[in-house]
Amino acid sequence: RLKQATDTVLYLQELTRHLRRGHVTRRPLGHSIANGQGQLRGTLHISQRPAEADDRAVPGHWEGDLLFGKQMKAIATLVERKTRFVMLIALPEGHSADVVANALAAKIVELPEQLRRSITWDQGKEMAAHARFSIETGVPVYFCDPRSPWQRGSNENTNGLLRQYFPKRSDLAPITQDDLDAVAAELNGRPRQTLGWKTPSQALDEAVAMTA
C-alpha cells in the first residue's frame, strides 16, 4: 500500500510538471496513445494498474466510459470493479475534455477516500484532460489498449444494461441528473449472481466496512 501511495504521488508530480510545460519532453511513467482524432499524452497504461485493481481485491477502482444517444449527446458511466456499483453523470454541456474532467471530478470527490483509488478508461479524446483531473482529485487514470473493450468488461456489461433505459439514438438531452440517479439506484438494487446474489449497494457497503 505504501509503494502504491508513493507511485501515485510521483505520478501526480509528473503530471504537474507536464501542465506547467504545456508539452511533453519526457515520459517516465506513461506513454502517448493515438485515438484517431488526436493524442492523449502522458498516460498510464492499464498494465501499470495496481494488482489490487486487477484482481478486484479492494473497492475503489472504477471503469468509465461515455454512453451516447441522439445527436452525440452523452452521459458518463462509472462502475466500481469489485462491487459493480454504478454511478451515472449528466453532461448537459457536452462531452469536451474539460467538461468531462470537471463532471467526473465533481462526482468522484463525493466518495469516501477508500473509494477513490483509480479509474480505467478507453482511448476516447474526452479524457484528454486526465492530467488535470488526477491533480485535482488524486485519482490516477489508466488507459486500455486500442479496441480492447474487454479490459473494461464491467463497464461494458453495465452499458449494455443501460441500453434498456436509454436505447441507441434515444434523446438524452432532457435527461437530468435526478433521472440518472434513479436509474443508477435501480441497477444498484438489483441482485447479481457474480456477487453471490447480493446487490451492488450491499456489496459496496460491506466492502467499505471491511476497509474502514
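Residues numbered from 1 in each chain as written. Predicted model: local features only at pLDDT ≥ 70, side-chain atom pairs only at ≥ 80, totals over all residues. Heavy atoms only, no water.

**Things to note about the environment of T194**
- Relative to the assigned elements, T194 resides in the loop between α6 (177-188) and α7 (200-211).
- Using a relative accessible area of 51% as the deciding quantity, one classes T194 as exposed. (Helix = DSSP H or I, 4+ residues; strand = E, 2+ residues; numbered from the N terminus. Buried < 20%, exposed > 50% of the residue type's maximum accessible area, 1.4 Å probe, protein only.)

**Concerning the pairing of strand β5 (residues 86-90)**
- Within β5, five of the five residues are buried, leaving the element largely enclosed by the surrounding structure.
- The alternating pattern of β5 places V86, L88 and A90 on one face and M87 and I89 on the opposite face, and all of these are buried.
- Here strand β4 (residues 74-80) runs beside β5; their pairing, made up of five bridges, is antiparallel. Within β5, the residue paired with V79 across the bridge is V86.
- Linking two consecutive strands that pair antiparallel, namely β4 and β5, is a turn of five residues; a positive phi of about 65° is found at R84 within it. (Pairing = 2+ DSSP bridges.)

**Some words on the environment of D179**
- Along the chain, D179 falls in helix α6.
- As for D179 and L88, which are separated by 91 residues in sequence, their C-alpha atoms are 9.5 Å apart.
- Here T176 takes part through its backbone nitrogen, which lies 2.9 Å from a polar atom of the side chain of D179. (Polar contact = N/O pair within 3.5 Å; in protein donor to acceptor, adjacent residues only side chain to side chain.)

**Side note on the confidence of the model for the protein**
- On average, the protein scores 87 in pLDDT, and the residues at 70 or more come to 82%.
- Note on residues 18-38: pLDDT is under 50 here. Beyond four places in sequence and across chains, it has 42 contacts. (pLDDT = per-residue confidence, 0-100. Contact = heavy atoms within 4.5 Å.)

**Observations regarding the nonpolar core**
- With 30 residues, the main nonpolar core has L78, L104, I108, W121 and F133 as its most contacted residues.
- Counting residues per element, this core draws most heavily on helix α3 (residues 97-108), at eight residues.
- Counting residues in hydrophobic clusters, the runner-up holds 13 residues, among them L67, I75, V86 and A90. (Core = buried A, V, L, I, M, F, W, Y, C linked by side-chain atoms within 4.5 Å.)

**Notes on α7**
- Across its twelve residues, α7 extends 16 Å between first and last C-alpha, which sits within 8% of the 16 Å expected from 1.5 Å per residue.
- Listing the buried residues of α7 in full gives P200, A203, L204, A207 and V208. The buried residues of α7 occupy an angular sector of 130° when projected down its axis, which confines them to one face. Facing away from the buried surface of α7 by more than 90 degrees, the exposed residues are D205, A209 and M210.
- Where α7 is buried, its residues touch β4 and α6. (Expected span 1.5 Å × (residues − 1). Arc of directions from axis to C-beta.)

**Considerations on helix α5 (residues 153-162)**
- Three or more residues of α5 are buried, namely S154, N155, T158, N159 and L162. The arc that holds the buried residues of α5, viewed along the axis, is 135°, so those residues lie on one side.
- Tucked into the core, α5 has its buried residues touching β3 (61-68), β4, β5 and α6.

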